[in-house]
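# Reading the structure
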Amino acid sequence: MAVPRPTKRTALHYSHLALGAVMVDDNGWQRPEQYGSPEEEAQAVRAGVGLCDISPVGKLDLKGKESVRVLEPLFSPDALPRAGQAQWTILKTSDGVTEVRGLCCRLGSDHVLMITGPGTVAAAEQALKRHVEVVDGCAHLTNLTSALAAVELVGPYSRNLLCKLTALDLSLSQFPDLTCAQGSVAQVHALVVRADIGSELAYEIYCGREFAEYLWHTLRDAGQEFAAVPFGAAAQRLLRVGA
Amino acid sequence: MDTSRLPSHPAQEIDCTQKVTFSFAGRQITAYAGDTVAAALYAAGVRIFSRSFKYHRPRGLLCCSGRCPNCLMNVDGTPNVRTCLEPVREGLQVHPQNAWPSLQWDALAVIDKLDRLLPIGFYYKTFIQPRFVWPLAEQVLRRIAGLGKVDHQAQAKEGYDHQYQHTEVAVVGGGPAGLVAAREAALLGARVTLIDDQPALGGHLRIQTAAYTGVSEYTGLRGLDIAHRLRETVKSLPGVDIISPAFAFGCYEGGLLGVVRGKRLIHLRTKRLVVATGCYEYPPVFPNNDLPGVMLGSSVQRLLHLYRVKPGNRALVVTNNDFGFRVACDLVAASIEVAAVVDARTSLLEHNDQLQQLRAIGVPILASYSIQEARGRKHVQEALIAPLDAQGRPVANAARSLSCDLICLSTGFVPAGALLSQSGCRLAYDATLGEIVPQQLAPTVFTAGDVSGVHHLPATLLQGQIAGIQAAASLGLPAAEAAHDRCTNSQQELAEIERQYRLQMQTRPLVSSPRNGKKQFVCLCEDVTETDLCDSVAEGFNEIELLKRYSTVSMGPCQGKMCAMASIGICARETGRSIAETGTTTARPPIQPVSLGVLAGRRYHPVKRTPLHSKHVALGAEMMDLGEWKRPYAYTSPAEEHKAVRERVGLIDVSTLGKLDVKGRDAARLLDKVYTHIFSTLPVGRVRYGIMCDDSGVILDDGTVSRLAEDHFFITTTTGNVEFVEQWFKSWAAGSGMCVHLTNVTAGLAAMNLAGPQARAVLSQLTDLDLSAPAFPYLTCAHSTVAGVPALLLRIGFVGESGWEIHVPAECGEHVWDAVMKAGHEFGIAPFGVEAQRILRLEKKHLIVGQDTDALSSPLEADMGWAVKFDKEDFVGKKALVSLQQQGLRQKLVGFVLRDGSLVEGGSAVIVNGKPVGRVASARVSPYLGKCIGLAWVPMEIAADGTPLQIHTNGAIALADIVGSPFYDPEGKRLRA
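Residues numbered from 1 in each chain as written. Chains lettered and ligands numbered in written order. Predicted model: local features only at pLDDT ≥ 70, side-chain atom pairs only at ≥ 80, totals over all residues. Heavy atoms only, no water.

Looking now at unusual backbone geometry. Omega for the peptide link from B:Ser244 to B:Pro245 comes to -10 degrees, which places this bond in the cis form. The residue B:Pro245 is located in the loop between strand E10 (240-243) and strand E11 (247-252) in this model. In this model, B:Pro589 is joined to B:Pro590 through a cis peptide bond whose omega is -5 degrees. Residue placement: B:Pro590 occurs in the loop between helix H15 (579-582) and helix H16 (596-600). With a phi angle near 55 degrees, A:Ala227 is a residue other than glycine that sits in the positive phi range. Relative to the helices and strands, A:Ala227 is located in the loop between helix H6 (212-222) and strand E14 (229-230). Judged by relative accessible area, A:Ala227 falls into the exposed class, the value being 54%. Residue B:Asn98 is not a glycine yet carries a positive backbone phi of 55 degrees. Taking the relative accessible area as the measure of exposure, B:Asn98 reaches 17% and is therefore buried. (Helix = DSSP H or I, 4+ residues; strand = E, 2+ residues; numbered from the N terminus. Buried < 20%, exposed > 50% of the residue type's maximum accessible area, 1.4 Å probe, protein only.)

See below:
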């Protein structure tokens, strides 16, 4: 039967509309392109701290005693992330041609979360499934793209903002770039991944989708003292280009 | 030129180019930026700052450093503000407390004369017989005693917040010891956080104008210059993070320090702790020692040097150590007449620079003398001084009067060791030093400075250096290795300095002034006098902890800073024990009062919203809180929604159901172990109801289990219970070697239940799947697409009608809801909320765990015995349930219908012969029956079908009959249609 392609909305959809966001389609997802002027948003982020709804990113959860064997083909031996580390990798799909970039967050010795771009999660899932089948052991893949919401905090005060809401040790030396840790953020369970954008300090916070609105509002509230601003995909592109 | 202030001073912290005006009790007061409220008030001539807690005696500035209760006032609506620390701000409104009509003339000061009626612990003795007297007396006492009042009408204060920090070495105290320790540790590569509670770093050196000797590179420099150098060095070090002004109010387990900076509470987690908190100067006990005009020596120095305020015109300095001479010299330098310096020591160190200066000027210095009494009406007007005998007691009839308006007390220090007590260190009385000092430190704690009991800058600087190096070394920092020799040398030097220091210490026993009917205050906060303590000991409260609790000494705002040593000394004297034997009371956090607002911080109320939340709001639903979830109670009315579901079709958002994705070779084994039902035999594509119990056979949760593949299950749990269930499963899997992994996908799926006789008609428009009863029977599941979205469909029926639970990815939830509502329009579809669902399920006698069950309910008693498979090898709770079965059930969950139109509620008692024997679990009016129905727990004896019940409700008894089967569609025909 012919039905229109379903629109995908993040949990923060109406919060973005309330802030006057202009929404655009990104691989089937509705995302804020900008709230005002992207250049101003990017500038505000570089001067203080900005928040971006990155919920559409793909999140593939890999659990099991032999999950590290699934990762081995993806990294050179000394580049394999240890527990608490995150590392970029390339996944090849079955046609051998398509390459998907993913951030592999090693949450524990038996637990990995692979983060990919919104448009490549299906390919990444397929690629990882192949590796899981090869291992044929205790390694199990679950797609958590829908279950987790994600907010990106970027800017020099991103750490200060996050330090108001979590007891995780985010000291720069203890939590360097590409570190990941689970803990309580604003009293909800969350995963924090430091993923700097060039020279800009940046953190990605993953929490249960049911808490997304609560977390977004709490971050904005706690961020008031740092003049925190929401920023959209356009400003995000500007920040990545400058990186 | 402002004549209210002394001439410019190098240590001053006021900026005379910036005037600030504030109001005090209706008066406009002019101050300068950098002033504290108390200093500005003093400069403007205010001398009485408060009225005491019990006797309403006039009190003036005593400590000027936030450690006594005398300057507490109401500032901008906040009571009990320490005005001696509160910076002035334009437009502040300052009001006195606990005084009416004014500080100068307080009507309740008459209480001071009624002290015979109000002895220590009087509320345990008087105003309690006959019994009715106490409530009346208490009301009066509450109003006339106390400190500030909280304004209950005021708007809640904004701006409180928390933050979390982590560091390697936390140095508490920014005086010379702390500054040196921070410098040393940072230079050796440690991450240091320095916490100081004063407006500027430097500690007591900030107020010292005399030069120091024997301090290596700082010899010959004035105190305030040494402070400046140390401050600038530390500020320039990148490895030191300074939190100031802030005070550390407690040390908690795991190296956690509670630090307050303004309205911000900082949870500081540290690996090593350097306590360099210095000491408190405390006043001696003598008659009228609480008169305005009696001040601590360091207090006088602060007024003179930091704020350029003249403390008085003619001063008496009372001392028993060399610091008194510094104070006297500072007074002289400010052109204030020093009538005399009385020193309790028998022999003085004549080489002391300040002593020599005083002698040269001709200030009378009286050795082996002390103060016997202060006199004056609301302010010091004269002092009685007396020589001391060999035992340190005032010689009888040898006192003489000295006219003065200022009495400076520099007679003793008590180390600020509370943080040490809280961090696992031991403090004990050192007889040579005459103070309670750190004796044994915990491995991660270091001390330096005056807190060690040694008040000597050469020693302080070395202690700071050693503490900093040792803290860094204990962290295993490579650079600290190289500092080892330097540290050893310093330790040797320090040992020699401390040895010399101890040799020239002359401790005096506690000087006890003879009683002459005038009050001698030990605890200024609670108005506890020396007589009170002696009487308490005589009454039998002769252990220090008992004495404290009975007399309330040290239980006020200062928490013993001013009175601890005196109360211990008096207790020792009265019980004939030594000070060491008497001991101290336990020092618990907070060390300094902390407002509840700061402890609370920002209030976080995590809220869970379903992917369909906005739909409910847009449809005008009345939302309710179910735990952390927001759910719709009803859109129109529960009765209308009930009708829609029974007669046509309804749609409800059940996204709040817990959902667990379970994978693994041993998944079925784990389910069999944890649930009472059997799941290893569940075919793929089938759904089964599951109950889980704990070891004692009590129901923990219920839900559905769908088998998606051989080693892949999809579990739903009761709303709000998924986190518990996940942990429960994990704890049974842990260490078992089972290959089973659970993932919480609750929020990842939007779930909606389409139920009603027309449900099939609606759903078939949105999916190609064969939905007919033979193809998709009750209790089966299938994957398909619904409105173009991949979906998992479960054919189950909580509400008792033909229906499907549709699970789709959360991001497509709204799309599917809209599609279903659109397709259902022609069939009269209605959204229904939680209340309608409750009524519908109750008509089917479907129970809700936690509502109809409690911590004593087993599945056998809850009429769910069919879900318990005793032939399974083992499952959690099996033993208990077997046992229960053998012993026989004692209670049962039964359905009932009320006979007439009355109503009962959940919780109503079931009565037999006037006594409660059971309770109603749930009750609602059933639109189907037109009567009130419900579930109730009743004893087995009256649990048979048809038994009449009496239910107590609102003072009346309602009659009901037990109904064995579900009230609606007992054979479940509608469900399976």
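Okay, back to it.
Here we take up the packing of helix H9 (residues 457-474) of chain B against helix H11 (residues 484-503) of chain B. Residue and element names in this part refer to chain B. For the pair H9 and H11, the least separation of the axes is 9 Å and the interaxial angle reads 150 degrees. Of the possible angle classes, the one that applies to H9 and H11 is roughly antiparallel. Taken as a pair, H9 and H11 cross one another with a handedness that is left-handed. In contact with Pro458, Ala459, Leu462, Gln463, Gln465, Ile466, Ile469 and Gln470 of H9, H11 contributes Arg486, Cys487, Ser490, Gln491, Glu493, Leu494, Ile497 and Glu498. The residue makeup of the contact of H9 with H11, split by class, is eight nonpolar, five polar and three charged. (Axes fitted to C-alpha atoms, helices over the stretch in contact; angles between N-to-C directions. Parallel < 35°, antiparallel > 145°, perpendicular 65-115°, else oblique. Left-handed = near helix turned anticlockwise from the far one by under 90°. Contact = heavy atoms within 4.5 Å. Nonpolar A, V, L, I, M, F, W, Y, C, P; charged D, E, K, R; others polar.)

Bringing the confidence of the model for chain A into the picture now. With 98% of its residues at a pLDDT of at least 70, chain A reaches an overall mean of 93. Looking over chain A, one finds the lowest element-wise mean pLDDT in helix H7 (residues 233-242) of chain A, namely 90, and the highest in E14(A), namely 98. (pLDDT = per-residue confidence, 0-100.)

A word on the sheet that holds strand E1 (residues 15-24) of chain B. Residue and element names in this part refer to chain B. In space, the five strands of this open sheet follow the order E2-E1-E7-E5-E6, with mixed pairing throughout. The sheet is open, and its two borders are formed by strand E2 (27-33) and strand E6 (78-82), each paired with just one other strand. Between one strand axis and the next, the sheet turns by 45 degrees as a mean value, whatever way the strands run. Across seven bridges, the pairing between E1 and E2 is antiparallel. Looking at E2, one finds that Thr21 is bridged to Thr30. (Pairing = 2+ DSSP bridges.)

Turning our attention to the packing of aromatic side chains. Residue and element names in this part refer to chain B. The full count for this structure, using the stated rule, is 16 aromatic pairs over all chains. Here Phe541 and Tyr550 contribute two aromatic rings whose centre-to-centre distance is 3.9 Å and whose plane-to-plane angle is 10 degrees, an arrangement assigned as stacked. You can call Phe541 partly exposed: its relative accessible area is 25%. Judged by its relative accessible area of 8%, Tyr550 falls in the buried class. Aromatic ring contacts, followed pair by pair, group Tyr124, Phe541 and Tyr550 into a single cluster. Over the face of the ring belonging to Tyr42 we find Arg47, whose NZ or CZ atom lies 3.6 Å from the ring centre. The lysine or arginine in question, Lys263, covers the ring of Tyr160, its NZ or CZ lying 5.3 Å from the ring centre. (Phe/Tyr/Trp six-rings, centres within 6.5 Å; stacked < 30°, edge-to-face > 60°. Lys NZ or Arg CZ within 6 Å of the ring centre and 35° of its normal.)

The next point concerns helix H6 (residues 323-333) of chain B. All names here are of chain B. Among the 11 residues that make up H6, eight are buried, leaving the element largely enclosed by the rest of the structure. Among all positions of H6, only Gly324, Phe325, Arg326, Val327, Ala328, Cys329, Asp330 and Leu331 are buried. Contacts made by the buried residues of H6 are with helix H5 (297-306), strand E16 (314-319), strand E17 (337-343), helix H7 (353-361), strand E18 (365-367) and strand E22 (406-410). Just beyond H6, the residue with positive phi is Ser335, at close to 60 degrees.

Let's shift gears to a nonpolar patch on the surface. A surface patch of nonpolar side chains, about 260 Å² in accessible area, is lined by B:Val110, B:Leu114 and B:Leu117. Along the chain, B:Leu114 falls in the loop between strand E7 (93-95) and helix H2 (133-144). (Patch = residues over 30% accessible without salt bridge, like charges linked within 9 Å, V, L, I, M, F, W, Y side chains within 5 Å. Areas by Shrake-Rupley, 256 points an atom, 1.4 Å probe, with all protein chains shown as cover. Salt bridge = Lys/Arg side-chain N within 4 Å of Asp/Glu carboxyl O.)

With that settled, consider the sheet that holds strand E34 (residues 699-709) of chain B. Adjacent strands of a sheet pair through backbone hydrogen bonds, lying either parallel or antiparallel. Residue and element names in this part refer to chain B. The antiparallel open sheet is built from five strands, whose spatial order is E33-E34-E35-E32-E36. One side of each edge strand has no neighbouring strand; the edge strands of this open sheet are strand E33 (687-693) and strand E36 (741-744). Going across the sheet, the axis of each strand differs from the next one's by a mean of 30 degrees, ignoring polarity. As judged from the four bridges shared by strand E32 (residues 658-663) and E36, these two strands associate in the antiparallel manner. Along E36, the bridge assignment pairs Leu660 with Asn744.

Another aspect to go through is the interface of chain A and chain B. Chain A puts 44 residues into the contact, and the matching count from chain B is 45 residues. At the boundary of chain A with chain B, total buried surface from both sides reaches about 3600 Å², with 55% on carbon and sulfur atoms. The tally of links between chain A and chain B comes to five salt bridges. A salt bridge links B:Arg264 to A:Glu225, with the nearest nitrogen and oxygen atoms 2.6 Å apart. Run the count over chain A and chain B and you get 19 residue pairs in polar contact (both at pLDDT 80 or more). Only strand E1 (8-9), strand E5 (58-63), strand E9 (140-143) and H6 of chain A provide two or more residues apiece to the side of chain A that touches chain B. Broken down by element, the residue count for the side of chain A that touches chain B peaks at five residues, all from H6(A). Of the residues assigned to the side of chain A that touches chain B, the class counts are 20 nonpolar, 12 polar and 12 charged. (Buried area = accessible area lost by both parts, 1.4 Å probe. Polar contact = N/O pair within 3.5 Å; in protein donor to acceptor, adjacent residues only side chain to side chain.)

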